[in-house]
Amino acid sequence: MRQFYEAAAYDPAWPASHWAGTVPLQTLAPLQGAARAEVAVIGAGYAGLNAALVLARGHGVDVAVLEAAQPGWGASGRNGGFCCLGGAKLADAGIVARHGVQGARDWRGFQRRAIDHVAGLLEAEGIDARQGPEGEALLAHSPAAYGAMRAGAEAEAALHGSAPRLIPAGALAEHGLAGPGFFGAALGGEGFPLNPMRYVQGLARAAGAGGARIYGRSPVTRLEPVQGGWRLTTPGGSLIAAKVLIAGNGYAPEDLQPWLSGRTLPVFSAILVTRPLSAEERAAQGFTSPLMAYDSRHLLHYFRHLPDGRFLFGMRGGLSARPKAEAETLARLRKHFEALFPAWKRAQTETAWSGLACLTGSLAPYIGPVPGAPGLFAAFGWHGNGVAAASLGGAEAARLIAGAPTSLPALITTPPRRFPFPRLRRLALRAAYAGYALRDGPLPR
Ligand SMILES: Cc1cc2nc3c(=O)[nH]c(=O)nc-3n(C[C@H](O)[C@H](O)[C@H](O)COP(=O)(O)OP(=O)(O)OC[C@H]3O[C@@H](n4cnc5c(N)ncnc54)[C@H](O)[C@@H]3O)c2cc1C
């Protein structure tokens, strides 16, 4: 199979995240020999497992999930745990231009339902993954960015009926949001932090208990149409299913299916977690808020305090999975952490890792049938914000497959276009990152 990055990015042994040490992980046996199912799902992340749960339990469908590594091995088990609004890279103005004002409102409605969907799942399945209060803080990385936030708040209120609460630079300290790189904030009331691995492991257990068969160490190396559906080939066996959902997101091989090829752009995001900080250390920095937080840079930083006192800090970027490049990415991550939180320079990194998120050629996710391939469906492209969106996206994909009513906004049922020069995606990404870094400006000194 042809992968987008070097083989190391897809090695089941790479990398261990902080979360992997916080929850018992399931090790599931591979598919062996010939098997059949009504529906096959490729990928055991939030999208694939939500789909499997809805199909098996909600519709009594015989469903088999094939996972290259183990449940939650992909982005779903190694993200920042921000269960929040998001999922598309396209801003509201672009969505309005494509799908009208109602289209933008429908998309926001989907994002809100996605957060509620995860909250409901945790509650219903007894998954103890929540880690903090509701809401999030968007921190302005420059005075100009704060000005843009203020202007944007009015547009937000006009379009979506509610606006974030604005906090000027001088009031950040009293909200526990102070730092040398922050110049104001917008507080939103939606979303909540969670332990992503606890969520995905609980989800896999629920899907299994609901009747889904989940196979670990079963990468689908070939997907071909056959009489009565599709044959999925893995190193140890093959499975024939009438319908298939492709839910491999940033980890799906480039050549798994011709229509998908060139329509996605897997991108790295990296995270470090520090040793626990004392109350004095937190106070010394002035950043004590328990809210999920991120900044307004194009190459955004995202960060939050964990319930055990550790601090999680992540950022987008990285162009290669080669060990040297990975080491450089993690060194850059640490440098940015120390620049934004200088009082914590002595709080060493306990764990650092990276993973792949997925962009599309249309800057929006896609949930729907694969054009020209009857029985084949796909759900992907959460643009680095899939904790909520991929979860509801997977559940909605299942309803679509089962022929049940769905409620999907036009933005994400429109098949994404192919990137103009697919072979040049990595070059284009390098140029985009360089441009973003220039526009974001220097780090605080
Ligand atoms: C470091 C990082 C931080 C992030 N932080 C956040 C955050 O805080 N909040 C947020 O909302 N989002 C965040 N994201 C994004 C979020 O994690 C993803 O959008 C979401 O997990 C995607 O879920 P998924 O099920 O679509 O894909 P994944 O979880 O990536 O699962 C895909 C699975 O498919 C499997 N697979 C692929 N190809 C095959 C094949 N051929 N055969 C069998 N199996 C296959 C892979 O092994 C993988 O396990 C982050 C991502 C990263 C990498």
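Just so it is clear, the model here is predicted, and its values are computed rather than measured.

*Asks:* So what exactly am I meant to see when it comes to the overall build of the chain here?
*Replies:* When helices and strands are counted, the chain shows 8 helices and 18 strands. Computed over the C-alpha atoms, the radius of gyration of the chain is 21 Å, within 12% of the 22 Å expected from 2.2 N^0.38 for a compact globule of 445 residues. Dimensions of the chain, computed from C-alpha atoms along their principal axes, come out at roughly 65 × 45 × 45 Å. Out of the 445 residues in the chain, the part that is buried amounts to 57%. Within the chain, contacts between residues at least 6 apart in sequence are counted, and of these 77% link residues at least 24 apart.

*Asks:* What's the story with empty space enclosed by the protein in this structure? I'm lost.
*Replies:* If a probe as big as a water molecule is rolled over the atoms, it shows which places are left empty. A complete count under the given rule lists 1 cavity of 30 Å³ or more for this structure. Lining the largest cavity are 13 residues; nearest its centre among them are N249, A252, P253, L260 and T264.

*Asks:* What exactly am I supposed to notice about the site of the ligand here?
*Replies:* Looking at the ligand, there are 37 residues lining it, with E67, S76, F82, V220 and W382 nearest. One of the backbone N or O atoms of V220 is found 2.8 Å from a nitrogen atom in the ligand. One nitrogen or oxygen atom from the main chain of Y251 is found 3.4 Å from a nitrogen atom belonging to the ligand. Coverage of the ligand by the protein amounts to 98% of the 1000 Å² it exposes when considered alone.

*Asks:* Where do I start with the layout of surface pockets in this structure?
*Replies:* Taken as a whole, the second largest pocket encloses approximately 530 Å³ of empty space. Lining the second largest pocket are 26 residues, and of these G317, G318, L319, R332 and Y433 lie nearest its centre. Those elements giving two or more residues to the lining of the second largest pocket turn out to be β15 (311-316), α6 (323-340) and α8 (425-440). Broken down by element, the residue count for the lining of the second largest pocket peaks at 7 residues, all from α8. Residue classes in the lining of the second largest pocket are distributed as 10 nonpolar, 7 polar and 9 charged.

*Asks:* Looking at this structure, how should I read the environment of G211?
*Replies:* Position of G211 among the secondary structure elements: in the loop between α4 (196-209) and β8 (213-215). Its relative accessible area of 44% is what places G211 among the partly exposed residues. Between the C-alpha atoms of G211 and L172, which are 39 residues apart in sequence, the distance is 50 Å. Sequence-distant contacts of G211, defined by excluding residues within four places in its chain, comprise A56 and V63.

*Asks:* Honestly, the pairing of strand β6 (residues 184-188) in this entry has me stumped. Any pointers?
*Replies:* Note on strand geometry: in a regular strand, side chains alternate between the two faces of the sheet. The buried count for β6 comes to 4 of 5 residues, which makes it a mostly enclosed element. As judged from the 4 bridges shared by strand β4 (residues 136-139) and β6, these two strands associate in the antiparallel manner. Along β6, the bridge assignment pairs L139 with A185. Examined bridge by bridge, strand β5 (residues 165-168) and β6 share 4 bridges and lie antiparallel to one another. Paired with P168 across the bridge in β6 is G184.

*Asks:* Please explain the pattern of salt bridges as it appears in this structure.
*Replies:* Where side chains of opposite charge bring their charged atoms close, a pairing between them can arise. For the coordinates displayed, the defined rule picks out 18 salt bridges. Close ionic contact of E224 with R231 constitutes a salt bridge, the shortest N to O distance being 3.3 Å. On the basis of relative accessible area, E224 is assigned to the buried category, the value being 18%. Between E328 and K324 there is a salt bridge, with its nearest N and O atoms 3.2 Å apart. Of this pair, E328 and K324 both sit in helix α6, 4 residues apart, which is roughly one turn of the helix. By relative accessible area, E328 is classed as partly exposed at 42%. Among the ionic contacts, a cluster of salt bridges with common partners joins E6, R322 and R426.

*Asks:* Teacher, can you tell me more about the packing of helix α2 (residues 92-125) against helix α7 (residues 386-402) here?
*Replies:* Any two packed helices are characterised by how steeply their axes cross, that is the angle between the axes, and by the distance between the axes. Running from N to C, α2 and α7 cross one another at 90°; their axes reach a closest spacing of 8 Å. Considered as vectors, α2 and α7 are oriented roughly perpendicular to each other. Touching F110, R113, A114, I115, H117 and V118 of α2 are V387, A388, A389, S391, L392, G393, A395 and E396, all from α7. In terms of residue class, the contact of α2 with α7 is made up of 9 nonpolar, 3 polar and 2 charged.

*Asks:* How should unusual backbone geometry be read in this particular structure?
*Replies:* A negative phi holds for most residues other than glycine; trans holds for most peptide bonds. For R217, which is not a glycine, the phi torsion comes out positive at approximately 40°. A positive phi angle is found at H383, which is not glycine, with a value near 50°. Within the fold, H383 resides in the loop between β18 (376-380) and α7.

*Asks:* Please explain helix α1 (residues 46-59) as it appears in this structure.
*Replies:* The periodicity of an α-helix, 3.6 residues per turn, causes residues three or four positions apart to be oriented the same way. Counted at 1.5 Å a residue, the expected span for α1 with its 14 residues is 20 Å, and the 19 Å between its end C-alpha atoms agrees. For α1, the buried fraction is high: 11 of the 14 residues fall into the buried class. Just downstream of α1, G60 is the residue with a positive phi angle, here 60°.

*Asks:* Help me understand the nonpolar core, please; the structure alone is not making it clear to me.
*Replies:* Most often, soluble globular proteins have nonpolar side chains that are buried together. Core analysis: the biggest nonpolar cluster contains 72 residues, and L194, Y199 and L245 have the highest contact counts within it. Apart from residues lying up to four places away in sequence, Y199 is in contact with Y46, N50, V118, L121, L122, I127, A129, L194, V387 and S391.

*Asks:* What's the story with the sheet that holds strand β12 (residues 264-274) in this structure? I'm lost.
*Replies:* What holds strands together in a sheet is hydrogen bonding between their backbones, with the strands either parallel or antiparallel. The 8 strands lie next to each other as β5-β6-β4-β13-β14-β15-β12-β16, forming an open sheet whose pairing is mixed. Across the chains shown, the open sheet's two edge strands, defined by having one partner strand only, are β5 and β16 (349-360). Neighbour-to-neighbour, the strand axes of the sheet open up by a mean angle of 20°, direction not taken into account. As judged from the 5 bridges shared by β12 and β15, these two strands associate in the antiparallel manner. Each residue of the ladder has a partner; that of S269, found in β15, is R316. Across the sheet, helix α3 (residues 143-160) lies against β4, β5 and β6, angled at about 155° from β5, the strand it touches most.

About the cut-offs
Residues numbered from 1 in each chain as written. Predicted model: local features only at pLDDT ≥ 70, side-chain atom pairs only at ≥ 80, totals over all residues. Heavy atoms only, no water. Helix = DSSP H or I, 4+ residues; strand = E, 2+ residues; numbered from the N terminus. Rg over C-alpha atoms; globule rule 2.2 N^0.38 Å. Buried < 20%, exposed > 50% of the residue type's maximum accessible area, 1.4 Å probe, protein only. Contact = heavy atoms within 4.5 Å. 1 Å grid on protein atoms, 1.4 Å probe; cavity = no way out; pocket = protein on both sides within 12 Å on 5 of 7 lines; lining within 4 Å. Points joined across faces, edges and corners; volume = space filled by probe spheres on them. Near = heavy atom within 4 Å. Polar contact = N/O pair within 3.5 Å; in protein donor to acceptor, adjacent residues only side chain to side chain. Areas by Shrake-Rupley, 256 points an atom, 1.4 Å probe, with all protein chains shown as cover. Nonpolar A, V, L, I, M, F, W, Y, C, P; charged D, E, K, R; others polar. Pairing = 2+ DSSP bridges. Salt bridge = Lys/Arg side-chain N within 4 Å of Asp/Glu carboxyl O. Axes fitted to C-alpha atoms, helices over the stretch in contact; angles between N-to-C directions. Parallel < 35°, antiparallel > 145°, perpendicular 65-115°, else oblique. Expected span 1.5 Å × (residues − 1). Core = buried A, V, L, I, M, F, W, Y, C linked by side-chain atoms within 4.5 Å.

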